[in-house]
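These are the residues of each chain, in order.
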Amino acid sequence: MLQIQWDPDVYYVQCPRCNGVSADRMPQPSAIDQLYRDYYVEGQVAQTFQAPLRLAKHILALTIGNQPADPLRILEIGGGDGTLVKEIAKLRRTSG
């Protein structure tokens, strides 16, 4: 298990179902600053996945299946520049 912070200890945990990774509790602001210190560079794309459109299609298929008329609410909790959520919203808008 990869440790993010010490005292209190915070670890990355992985969902056995979807393999998503998150922290087991909220790290302190100083630990978050260190995690993202080189991530947001002015003028550069801030993504951690190389094919956001492909991932957006996959997430949409898993979450709404054959229910395109149902309302879709998106909570963006990851780091990054919001590209994934924007792609999901665009796909939903064009398929509904």
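Residues numbered from 1 in each chain as written. Predicted model: local features only at pLDDT ≥ 70, side-chain atom pairs only at ≥ 80, totals over all residues. Heavy atoms only, no water.

Some thoughts on the environment of S22
Relative to the helices and strands, S22 resides in strand β3 (residues 21–23). By relative accessible area, which is 41% here, S22 ends up partly exposed. Along the chain, S22 and Y12 lie 10 residues apart, while their C-alpha atoms are 5.5 Å from each other. (Helix = DSSP H or I, 4+ residues; strand = E, 2+ residues; numbered from the N terminus. Buried < 20%, exposed > 50% of the residue type's maximum accessible area, 1.4 Å probe, protein only.)

Re the pattern of salt bridges
A complete count under the given rule lists 1 salt bridge for this structure. A salt bridge links K90 to E87; its shortest N-O distance comes to 3.5 Å. Of the two residues, K90 and E87 are both situated in helix α3 (residues 83–95); the distance of 3 residues between them amounts to about one turn of the helix. Residue E87 is classed as buried on the basis of its relative accessible area of 18%. (Salt bridge = Lys/Arg side-chain N within 4 Å of Asp/Glu carboxyl O.)

Remarks on the environment of Q14
Relative to the elements of secondary structure, Q14 occurs in strand β2 (residues 10–14). In sequence terms Q14 and D24 are 10 residues apart; their C-alpha atoms lie 9.2 Å from each other. Excluding residues that lie within four positions of it along the chain, Q14 makes contacts with N19, G20 and V21. (Contact = heavy atoms within 4.5 Å.)

Quick word on the sheet that holds β3
As summarised here, the arrangement of the 3 strands in space is β1-β2-β3, forming an open sheet in which the pairing is antiparallel. Edge positions in the sheet fall to β1 (3–5) and β3, since each has one partner strand and no second. Geometrically, the sheet is characterised by an average inter-axis angle of 30 degrees between neighbouring strands, direction not taken into account. (Pairing = 2+ DSSP bridges. Axes fitted to C-alpha atoms, helices over the stretch in contact; angles between N-to-C directions.)

Examining the side chain of Q3
Following the sequence through the fold, Q3 ends up in strand β1. Within the structure, the side chain of Q3 is placed 3.1 Å from the side chain of D9, a separation counted as a polar contact. With residues up to four places along the chain from it excluded, the contact list for Q3 reads D9, V10 and Y11. (Polar contact = N/O pair within 3.5 Å; in protein donor to acceptor, adjacent residues only side chain to side chain.)

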